[in-house]
Amino acid sequence: SKKRKVDYEGRKFNNEWCIKYFIVQHNKDVVCLICQSTIAVMKEYNIKRHYDTKHSASYDSIVGQSRVDKMQQMSCLEIFIENVSPEKKNLVEQISLSRFTMARRIDDLSENIEASLKDRISKCSAFSIALDESTDVSDTAQLVVFIRGVTDNFEVTEEFLDMASMHSTTTGQNICEEVTKLMNKFEIDSSKLVGITTDGAPSMVGKNNGFVKRFLDVIQTENVLVSHCIIHQENLCSKVLGFGEVMKNVVSCVNYIRSRGLNHRQFKSFLQAPNSDYPDVNYFCAVRWLSRAAVLKRFWDLKEAIHTFMESKGQDISYLKDDAWLNDFAFLTDITNHLSELNVKLQGKNQLVHKMIEHISSFQAKLQLFRSQLSKGSLIHFPCLESRKVEIQFFNTSAFKTRFEDFRKHNADVQLFAHPFDLVVENIPPRFQLEIIQLQANVDLKRAY
């Protein structure tokens, strides 16, 4: 005999209503996402009447996937909370996204970046690629490819293109196949390729089976400049210095201090006692070339403290009292610092090849100066060695002469690009002569240059 209540009817929310009427369930209420009104009864008749009378004229035209997207847009949690329960907005903002949402957003970002890069590459009138293959900690070979292109308006694009994992062999053929896949993936026109830079490994530049030979055979593109990475060549030059025993002792000592927690804590506390200028020694990483100079210089500055600490630990470090070893150590520290300065100048984006060659040529001139001064007993540019009060008669500078031949071979082209106003027209390739004459006659361009 009592009046029936809606709460007792056990009505259930139908998910199909969301897209059909743009509504959601909030607690036990039904909320319209369009006008944020609460519909009193969870019943399709009431929901449909609300939609038909207030919103159908504006929203019936949205159908299919567009209607789904519109629903998702309007049902955004933050928008919903801001309108329904604004006092709880801060709590919603602190909610961590699910791993699925994060993965989806990362995929969306990746797709957007890839599409953007494709678009920029397609506008380039010429491009070059740089490759390096290395092995990661899991012994998987990773092939890294960078691309640099320029448009007709001289807008430069320089980006990391992609990385390919190579789980089997890393022959020239394997590398060629991976690079060809990347070219197809990014829809790159191989006819616009003008340069390839590699790390100089046999698998890259082998005469018959190297990557370069096989890749150029595949794309059938002529006049491609093939070069060995300038920074890599500079690092190879530094290795001819020798002094392997010096570096071995330094790295061994640093590892003894840094790789054991107790030793490391005690050493840092030890350095605080005499008010040392440095709080710690630096780790050495062979892959990070610049770390060599920092490790050697820090070790040199802390050598007395390191000697005392290592003796307290009962370690044999008699080399730190050996004059010959210390002389080699001092020289290695100084020359490595000069090499590190060169390395920094060669790195970074937007580098032009003629500027990099200028840095190399400048360093070669410095080496000749060092050699001349050292033969005369002048150590002004070798502060660590100067503190030892010794003389060095000779050190080998020939490595810088034998390297960089691929760039010297194209020196005429580099000069044409770097110094167009200073060239004698008769000495340049005929196909550029008329353009250079016109360029050199342009007073405004010459003034700007």
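Structural notes, computed from the coordinates. (Residues numbered from 1 in each chain as written. Predicted model: local features only at pLDDT ≥ 70, side-chain atom pairs only at ≥ 80, totals over all residues. Heavy atoms only, no water.)

Moving on to helix α8 (residues 172-185). With 14 residues, α8 extends 20 Å from end C-alpha to end C-alpha; this agrees with the ideal 20 Å at 1.5 Å per step. Of all the residues in α8, the buried ones are G172, N174, I175, C176, E178, V179, L182 and M183. Buried residues belonging to α8 abut β4 (126-135), β5 (141-150), β6 (156-166), α9 (202-205) and α10 (211-219). Immediately downstream of α8, the backbone of E187 shows phi near 55°, a positive value. (Helix = DSSP H or I, 4+ residues; strand = E, 2+ residues; numbered from the N terminus. Expected span 1.5 Å × (residues − 1). Buried < 20%, exposed > 50% of the residue type's maximum accessible area, 1.4 Å probe, protein only. Contact = heavy atoms within 4.5 Å.)

Attention now goes to the nonpolar core. Grouped together as the largest cluster of nonpolar side chains are 50 residues, with contacts concentrated most on I257, I306 and F329. For this core, the secondary-structure elements that each account for two or more residues are α11 (230-239), α12 (244-258), α13 (261-272), α14 (291-301), α15 (303-312), α16 (323-346), α17 (353-375) and α18 (383-386). For this core, the element with the most residues is α16, which contributes 10 residues. Grouped together as the second largest cluster of nonpolar side chains are 27 residues, I121, I129, L131 and L143 included. (Core = buried A, V, L, I, M, F, W, Y, C linked by side-chain atoms within 4.5 Å.)

Pairing between the strands of a sheet comes from backbone hydrogen bonds, and it takes one of two forms, parallel or antiparallel. One open sheet accounts for three strands, arranged β1-β2-β3; its pairing is antiparallel. Two strands close off the open sheet at either side, each with one partner strand: β1 (23-26) and β3 (38-39). Two elements, strand β2 (residues 29-32) and β3, share two bridges in a ladder whose sense is antiparallel. Its bridge partner being in β3, V30 is matched across the sheet by I39. (Pairing = 2+ DSSP bridges.)

To continue, consider unusual backbone geometry. In this structure, F22 takes a positive phi of about 55° despite not being glycine. With respect to the secondary-structure elements, F22 resides in the loop between α1 (16-21) and β1. For F22, a relative accessible area of 0% translates into the label buried. We note that E187 has phi near 55°; this positive angle belongs to a residue other than glycine. Tracing the backbone shows E187 in the loop between α8 and β7 (193-198). Its relative accessible area of 62% is what places E187 among the exposed residues.

Here we come to a nonpolar patch on the surface. On the surface, F146, F160 and M163 cluster together into a nonpolar patch covering about 300 Å² of accessible area. Mapped onto the fold, M163 is located in strand β6. Judged by its relative accessible area of 45%, M163 is partly exposed. (Patch = residues over 30% accessible without salt bridge, like charges linked within 9 Å, V, L, I, M, F, W, Y side chains within 5 Å. Areas by Shrake-Rupley, 256 points an atom, 1.4 Å probe, with all protein chains shown as cover. Salt bridge = Lys/Arg side-chain N within 4 Å of Asp/Glu carboxyl O.)

A few words now on the environment of A412. Position of A412 relative to the elements: it lies in helix α21 (residues 411-418). Between the C-alpha atoms of A412 and P429, which are 17 residues apart in sequence, the distance is 9.2 Å.

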